[in-house]
Amino acid sequence: MGTGRGRFYRKGQVPPVSELKSKIIEALDEAEFVLGWTATGSGAAAPARFHNAGEAEDAVFDSTCVHNLAVQLPRLKDKTVGIVAKSCDARSIVQLAAEREVDLERVKLIAVDCPGMIDVKSIRRSFGFGASIEDDGTSLRIASAEAEREEFIVAKCRGCEDRDGGAGDPGNHPLREKFYSMSAVERRAFWRDHYSRCIRCYACREACPMCFCRDVCIMQTRDPHWIGGGVNSAEAEMMQLIRVNHLAGRCSGCGECERACPVGIPLMLLIDEQNRVIQEMFGYRAGIDPEAKPPLLSFNIKGDIWEEE
Amino acid sequence: MKLIGFLCNWCSYAGADMAGTSRIQQPGDLHIVRMPCTGRINPLLILKAFQEGADGVLVSGCHPGDCHYNDGNYYARRRLELLARMLPAFGIASERFQYTWVSASEGARWAQVVDDFTERVRSLQ
């Protein structure tokens, strides 16, 4: 039994970003390539693979490296690879290890201290696409003017427990209060309204590190016929019910589904709630201890925790 | 009003049968689906029922400890409780879902469960 995430990520023991390139080159001794980020002309970093020291020169880590690169690991199972990971990404890797989708011996983890990621999309919405974004992890300048950094941070980073300035209450979705002030009927209408925009691109599934089924996904099969082929709010609702169910006790709350959604459906409202309920019922959080017993694959004959309340 | 009941074959389905052969009067809104075990009940079956327009879903199986397959209902208990707590987030009133345990000899209790559940959902309509 490990000490959980501390085995892979501990504050103050992570290398400074300036050492990133040498860490990547070091990892390449054993790894076939390293998953990391590279700068792009658009001002936001993009995921990249570094195969040699020359390519590693392009590696960056800044507050636009929001992607969870662990999503690639299940399909790289037969390779030894390196990966640059933030604390939330590390939790996904631990959960993948718990499900035997990742062999921790074959993953060279390069942990980076994360200052909280900047929500480039929302900045562009407010300031226009061309606005320059400068951020050093503590102060943010948009279009050469000082901006309140915490206001432009990605939703999931606000409640982060691992960064300085994080609220330490993961799962506190910005819409949570408004959502739970509604009646059940209104909440259903709220979802149907959001789902009506779904274009069924499956980005939520593809961006999720835990959606690695090699069977045909039941969101797409017609046998068994869980879901129809239509693009409408009813089918989109079923899609999300399937997704939430299949992530029960497995989701580490990395927020990639909501970030990847091109039409802005607040998917983490559901996922956060489920993670909260599972912690309340079983005292369990995914992605902490790779040896922990998953709560829905076990039971307690004498009675369960919630019954003793 | 349409209510769906997912019943385990070994206890609750037999219990419902018992209620019938004992000629106990029950409301007729509940449509029973016979399942091999509550452990077979995928929570998505329940959600699908709601999605297709069910007004309420009732799940019943063997009492914990009495499962025909030893531990099916222990797994079910965790899944069903999780689902019950998640329904408000999906926008389904928690009164519309109930899971309970009824044995093959509890015909009268089954009739009472159906009575209470039907009444509970009807008061929401």
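The structure this text deals with has already been given above.
In what follows, the accompanying structure is described.

Calculation notes
Residues numbered from 1 in each chain as written. Chains lettered and ligands numbered in written order. Predicted model: local features only at pLDDT ≥ 70, side-chain atom pairs only at ≥ 80, totals over all residues. Heavy atoms only, no water. Helix = DSSP H or I, 4+ residues; strand = E, 2+ residues; numbered from the N terminus. Rg over C-alpha atoms; globule rule 2.2 N^0.38 Å. Buried < 20%, exposed > 50% of the residue type's maximum accessible area, 1.4 Å probe, protein only. Contact = heavy atoms within 4.5 Å. Areas by Shrake-Rupley, 256 points an atom, 1.4 Å probe, with all protein chains shown as cover. Phe/Tyr/Trp six-rings, centres within 6.5 Å; stacked < 30°, edge-to-face > 60°. Disulfide = S-S within 2.5 Å. Arc of directions from axis to C-beta. Lys, Arg positive; Asp, Glu negative; His and termini not counted. Salt bridge = Lys/Arg side-chain N within 4 Å of Asp/Glu carboxyl O. Polar contact = N/O pair within 3.5 Å; in protein donor to acceptor, adjacent residues only side chain to side chain. Expected span 1.5 Å × (residues − 1). Pairing = 2+ DSSP bridges. Axes fitted to C-alpha atoms, helices over the stretch in contact; angles between N-to-C directions.

Here's the deal with the overall build of chain B
Line of reasoning, step 1. Counting its regular elements, chain B contains four helices and four strands.
Line of reasoning, step 2. Along the chain direction, N to C, the helices and strands of chain B fall in the order β-α-β-α-β-α-β-α.
Line of reasoning, step 3. For 125 residues, the compact-globule estimate of 2.2 N^0.38 gives 14 Å, and the C-alpha radius of gyration of chain B, at 14 Å, lies within 12% of that figure.
Line of reasoning, step 4. With the principal axes as the frame, chain B shows a C-alpha extent of 35 × 35 × 20 Å.
Line of reasoning, step 5. Evaluated residue by residue, chain B yields a buried proportion of 55% over its 125 residues.
Line of reasoning, step 6. Within chain B, contacts between residues separated by at least 24 positions form 76% of all contacts whose residues are at least 6 apart in sequence.
Line of reasoning, step 7. Only carbon and sulfur atoms are counted for the fraction: they give 46% of the accessible area of chain B, which is about 5200 Å².

Notes on the packing of aromatic side chains
To describe a pair of aromatic rings, you give the distance between the ring centres and the angle between the ring planes.
Line of reasoning, step 1. For the structure shown, the criterion picks out twelve aromatic pairs over all chains.
Line of reasoning, step 2. Considering the side-chain rings of A:W191 and A:Y195, the 5.4 Å spacing of their centres and the 15° angle between planes classify their relative orientation as stacked. Here the residue A:W191 and the residue A:Y195 both occupy positions in helix α7 (residues 184–195), the gap between them amounting to four residues, near one helical turn.
Line of reasoning, step 3. For the ring pair B:F97 and B:Y99, a centre distance of 6.4 Å and an interplane angle of 35° mean the geometry is tilted. Like B:F97, the residue B:Y99 is buried in the burial classification.

Focus: the state of the cysteines
Line of reasoning, step 1. What the rule picks out here adds up to one disulfide over all chains.
Line of reasoning, step 2. Here B:C11 engages in a disulfide with B:C62; their sulfurs sit 2.4 Å apart. As the torsion about the S-S bond is roughly 95°, the B:C11-B:C62 disulfide counts as right-handed. Of this pair, B:C11 sits in the loop between β1 (3–8) and α1 (12–21) while B:C62 sits in the loop between β3 (56–61) and α3 (72–90); the two residues are 51 residues apart in sequence, bridging distant segments of the chain.
Line of reasoning, step 3. Of the cysteine sulfurs around A:C160, a residue in no disulfide, the closest is that of A:C157, at 6.5 Å.
Line of reasoning, step 4. Assessed through its relative accessible area of 18%, A:C160 is described here as buried.

Considerations on helix α1 (residues 20–27) of chain A
Line of reasoning, step 1. Those residues of α1(A) that sit buried are A:L20, A:I24 and A:A27. Each buried residue of α1(A) sits inside an arc of 65° when the element is viewed along its axis, so together they form one side.

Remarks on the side chain of B:R96
All names here are of chain B.
Line of reasoning, step 1. Structurally, R96 can be placed in the loop between α3 and β4 (97–101).
Line of reasoning, step 2. One buried charged side chain, R96, makes no salt bridge at all; its nearest oppositely charged neighbour is D55, positioned 4.2 Å away.
Line of reasoning, step 3. Polar side-chain contacts of R96 include one of 3.1 Å to the side chain of Q125.
Line of reasoning, step 4. Non-local contacts of R96, meaning those with residues more than four positions away in its chain, are made with F50, D55, G56, V57, F117, V121, L124 and Q125.

Overview of helix α3 (residues 87–98) of chain A
Residues and elements named next belong to chain A.
Line of reasoning, step 1. Taking 1.5 Å of rise per residue, twelve residues should cover 16 Å, and α3 covers 17 Å from first to last C-alpha, within 8% of that figure.
Line of reasoning, step 2. Burial of α3 is extensive: ten of the twelve residues sit out of reach of the surface.
Line of reasoning, step 3. Of the residues one or two after α3, R100 is the one with positive phi, at around 60°.

Comments concerning the pattern of salt bridges
Residue and element names in this part refer to chain A.
Line of reasoning, step 1. On inspection of all chains with the given rule, the structure shows 21 salt bridges over all chains.
Line of reasoning, step 2. Residue R176 is joined to E273 by a salt bridge in which the shortest nitrogen-to-oxygen separation is 2.9 Å. Of this pair, R176 sits in helix α6 (residues 176–180) while E273 sits in helix α11 (residues 268–282), and the two are 97 residues apart along the sequence.
Line of reasoning, step 3. Across the salt bridge formed by E237 and R188, the nearest N and O atoms sit 2.8 Å from each other. Of this pair, E237 sits in helix α9 (residues 233–246) while R188 is found in helix α7, placing the two residues 49 residues apart along the sequence.

A few points about the sheet that holds β1(B)
Residues and elements named next belong to chain B.
Line of reasoning, step 1. Taken in spatial order, the four strands of this open sheet run β2-β1-β3-β4, and their pairing is parallel. Pairing within the sheet leaves two strands with one partner each, and these edge strands are β2 (30–35) and β4. When the angles between neighbouring strand axes are averaged without regard to direction, this sheet yields 20°.
Line of reasoning, step 2. With five bridges joining them, β1 and β3 adopt parallel strand pairing. Paired with F6 across the two strands is V59, which belongs to β3.
Line of reasoning, step 3. Here α1 sits on the sheet and contacts β1, β2 and β3; the angle it forms with β1, its principal contact strand, is near 115°.

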